[in-house]
Amino acid sequence: MCGIVGYAGNKEALAVIIDGLKKLEYRGYDSAGVAFQKGNDLVITKAAGSVASLETALGEQNSSINVGIGHTRWATHGRPTDENAHPHSSCCGKIALIHNGIIENYRAIRQRMTSEESHKFISETDTEVLVHLVEENYEGDLLQAVRTALKDVKGSYGLVVISSAEPGRMICARQDSPLIIGLGEGENFIASDIPALLAHTRRTIVLEDGEFASITMDKVEVFDHKGQPVEKEVLEITWDIEAAEKGGYEHFMLKEIMEQPTAVKETMRQRIDVEKGRVDLSELAFTSSQLESLDKVYIVACGTAYHAGLLGKAIIEKLANLPVEVDVASEFRYREPLFKKNQLVIVISQSGETADTLAALRLARQKSLQVLAITNVVGSTVSREADHVLYTWAGPEIAVASTKAYLTQLISIYLVALYFGEVRGAIEKEYLSEIVKGLNRLPSQLKDVLSEESVNRLKAYCEHLAGWESAFFVGRNLDYPVAMEGALKLKEISYIHAEAYPAGELKHGPLALIVEGIPVIALATQKAVLDKTLSNIQEVNARGGAVFAITQEGFEDVSRQVESIFYLPPIEDILAPVLSAVPTQLIAYYAAIARGSSVDKPRNLAKSVTVE
Ligand code: M6R
């Protein structure tokens, strides 16, 4: 994930900035760069690869640099190259800018600038339009130029700008992407994350959305969106560096679970239009006739991504009226699928490097099928070899157990299904618009599911669960793949043996394993099959199993039939898997904690599986 560091003070700025960027390396990045003033000019140095490569590119700089900005980039728009690395420069070379976030309307701005021939673009990034906008609006006051420029911008940003016309001053602005000001004696800092500041200061100011700041070595001024000065509270950071890297959470997994509302929002950004009730995935460059003539989709993936694929089958079949087969990638090529023309293969992979998934992709391409990759990593092998790529904007996932990547894979599948459905004329306009509105509500509903009260309820349940060596997850319809994913998560990090079954399948065998008190987590979010799921819950109750139900508010019958219950906000059946996954992730997490397992790095597992 991109990182920002800025410094104004009497120390050697480059050393402070490089050190700060190194403190942000754990977040993942693929290029780095700095900008600083030397004499009357701005110098920008960038390098694809590591901060160490940037240091080599910088060579010996003189030590009299007191103000500068630095950035680590995790590629989103455009590959990880020197040109795409930040800082970006204005045409006049007097303004440099670094940015975290996504500019939604960058294409329109870039088109306007290109047709007017008013600016020359060097990179493929969305960010570059920002520095040109600041340049267009500069009339002697950098703060004013940034404020005016941002009026034309839609999207998320944490950005910092410097100009050789105003030496010693950094201007920053925030919208949906964090920025923290660090306060020192005769020096001040700006960073996207606390670890970059901790070696220098623990006194901080957190910028809120819509706020701007002007920072020099001896003055920090914060303004609201109307330009009015804002009195900010100074917060003392008490975390050590390890806690700071995890955003104050005990583990990366918990941090990543908590980041899901934002990750989901980012993945939908630019792609859903709530007013028009539509999804726009023109970034995929399918022609209408290609989509209209499709008659089958294969989804191929491993592990958690495979579970997203299983949900994908139900979702794409319903919304796009397209038959879907789902395969575990390690099995796909050995079953000799009956490939025909007018078929599409969708591969799903967080890392984009999973060997089995890659082999499936190559097989499909060798058979002349089009491949759409849903992946989280720009520049990954899967993204380079697929015909079409849909990125999940989850940000780097560090914990081995996949959480936010899974949820954003699921979101990507809804987007694909709705987009294909509309182009193929397979979905009613009103229904499409209703689902788009439902998608738009998800980030705030996820926040509810992640409230302190909800988390505590799940934590308490895990005290019971952790004492068992075996557990069941059951569900019908869309609840079944969610049950499979819940069981995988529990096995993976708590080492409790967990089995997932379609609820109706229990009586065909597994019911023999139900003994007094055994934990059975029942997913009961699907209105269409609720009565049937309740009957299956009764079968478990009758054998003494202890059912913990995950259901929706309003499904009151469930509470009368189970030992404990967790309510999700009311939601359409088809979107429920996005919310119901979250309590299963937290159950796995707190069961693992209660059993003292190594949460972020479970035994025998690797984050990216690059062997077959
Ligand atoms: O990077 P990928 O999405 O291709 O990885 C696939 C699986 O290895 C991965 O989802 C694995 O199952 C996770 N550790 C599950 O939490």
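Numbering of residues starts from 1 in every chain and runs along the sequence as written. Given that the model is predicted, a residue must reach a pLDDT of at least 70 before its local features are reported, and side-chain atom pairs must reach 80 or more before they are shown or counted; all residues, however, enter totals for whole chains, interfaces and linings. Side-chain measures here rest on the full set of heavy atoms in the structure, leaving out hydrogens and waters.

Regarding the sheet that holds strand E2 (residues 31–38)
Line of reasoning, step 1. One open sheet accounts for eight strands, arranged E3-E2-E4-E1-E10-E9-E11-E14; its pairing is antiparallel. Each of the sheet's edge strands pairs with one partner strand only, and the pair in question is strand E3 (41–48) and strand E14 (235–236).
Line of reasoning, step 2. Relative to strand E10 (residues 187–191), strand E1 (residues 3–9) runs antiparallel, the two sharing five bridges. By the bridge assignment for E10, Gly9 is matched with Glu187.
Line of reasoning, step 3. The strands that helix H1 (residues 13–23) touches are E1, E2, strand E4 (67–73) and E10; relative to E4, the one it contacts most, it runs at about 20°.
Line of reasoning, step 4. The contact criterion used is simple: two residues touch if any of their non-hydrogen atoms lie within 4.5 Å. In this analysis, axes come from line fits to C-alpha atoms, helices being fitted only over the stretch in contact, and the angle between any two N-to-C directions falls in the range 0 to 180 degrees. By the criteria applied, helices consist of DSSP H or I runs no shorter than four residues and strands consist of E runs no shorter than two, each listed in order from the N terminus. Its contacts with the sheet put helix H2 (residues 51–58) on E2, E3 and E4, and the angle it makes with E3 is roughly 135°. A strand pair is defined by DSSP finding two or more bridges across the two strands.

Description of unusual backbone geometry
Line of reasoning, step 1. Going from His86 to Pro87, the amide bond is cis rather than trans, its omega being 0°.
Line of reasoning, step 2. In this fold, Pro87 is placed in the loop between E4 and strand E5 (88–89).
Line of reasoning, step 3. Non-glycine residue Glu117 carries a positive phi angle of around 55°.
Line of reasoning, step 4. Checked against the element boundaries, Glu117 lands in the loop between helix H3 (106–116) and helix H4 (128–137).
Line of reasoning, step 5. Glu117 sits in the exposed class, given a relative accessible area of 71%.
Line of reasoning, step 6. One non-glycine residue, Asn604, adopts positive backbone phi at about 65°.
Line of reasoning, step 7. Relative to the helices and strands, Asn604 resides in the segment after helix H19 (576–594). Residue exposure (1.4 Å probe, protein chains only): buried if accessible area is under 20% of the type maximum, exposed if over 50%, otherwise partly exposed.

Brief notes about helix H16 (residues 452–465)
Line of reasoning, step 1. To estimate the expected span of a helix, count its residues, drop one, and scale the result by 1.5 Å. Relative to the 20 Å expected for 14 residues at 1.5 Å per residue, H16 spans 20 Å between its end C-alpha atoms, a close match to the ideal helical length.
Line of reasoning, step 2. Along H16, the positions that sit buried rather than exposed are Ser454, Val455, Leu458, Tyr461, Cys462 and Leu465. The buried residues of H16 occupy one face: seen down the axis, they fall within an arc of 125°. When the buried face of H16 is taken as reference, the exposed residues oriented beyond 90 degrees from it are Glu452, Glu453, Ala460 and Glu463. As used here, the arc belongs to the directions running from the helix axis to the C-beta atoms.

Side note on the site of the ligand
Line of reasoning, step 1. Neighbouring the ligand are 13 residues, the closest being Ser349, Gln350, Ser351, Thr354 and Glu492.
Line of reasoning, step 2. At 2.6 Å from an oxygen atom of the ligand is found a side-chain nitrogen or oxygen belonging to Ser349.
Line of reasoning, step 3. Here the ligand loses 90% of its free accessible area of 410 Å² to cover by the protein chains.
Line of reasoning, step 4. Going through the elements one at a time, helix H10 (303–320) and helix H17 (479–494) are the ones with two or more residues in the shell around the ligand.
Line of reasoning, step 5. With three residues, the top contributor of residues to the shell around the ligand is H10.
Line of reasoning, step 6. Residues belonging to the shell around the ligand are distributed by class as follows: four nonpolar, seven polar and two charged. Here, proximity means that at least one heavy atom of the residue falls within 4 Å of the molecule or strand. Whenever two N or O atoms come within 3.5 Å, that pair is a polar contact, provided that in protein one can donate a hydrogen and the other can accept it, and provided that, for residues adjacent in sequence, both atoms are side-chain atoms. Residue burial considers only the protein chains on display, and all accessible areas are found by Shrake-Rupley using a 1.4 Å probe. Asp, Glu, Lys and Arg are counted as charged, while Ala, Val, Leu, Ile, Met, Phe, Trp, Tyr, Cys and Pro are counted as nonpolar; the rest, among them Gly, fall into the polar class.

Topic: the nonpolar core
Line of reasoning, step 1. The criterion is simple. A nonpolar core is a set of buried Ala, Val, Leu, Ile, Met, Phe, Trp, Tyr and Cys residues joined through side-chain atoms within 4.5 Å. With 97 residues, the main nonpolar core has Ile346, Phe420 and Leu439 as its most contacted residues.
Line of reasoning, step 2. All domain edges in this entry derive from an automatic or database-based domain assignment. Both domain 2 (246–448) and domain 3 (451–600) contribute no fewer than three residues apiece to this core.
Line of reasoning, step 3. The contact partners of Ile346, leaving out residues within four places of it in the chain, are Val297, Tyr298, Ile299, Val300, Ile316, Leu372, Ile374 and Val416.
Line of reasoning, step 4. In this structure, Val5, Phe36, Leu58 and Ala244 belong to the second largest nonpolar core, which totals 27 residues.

A word on the domain arrangement of the chain
Line of reasoning, step 1. Structurally, the chain comprises domain 1 (3–243), domain 2 (246–448) and domain 3 (451–600).
Line of reasoning, step 2. A C-alpha centroid distance of 45 Å is found between domain 1 and domain 3.

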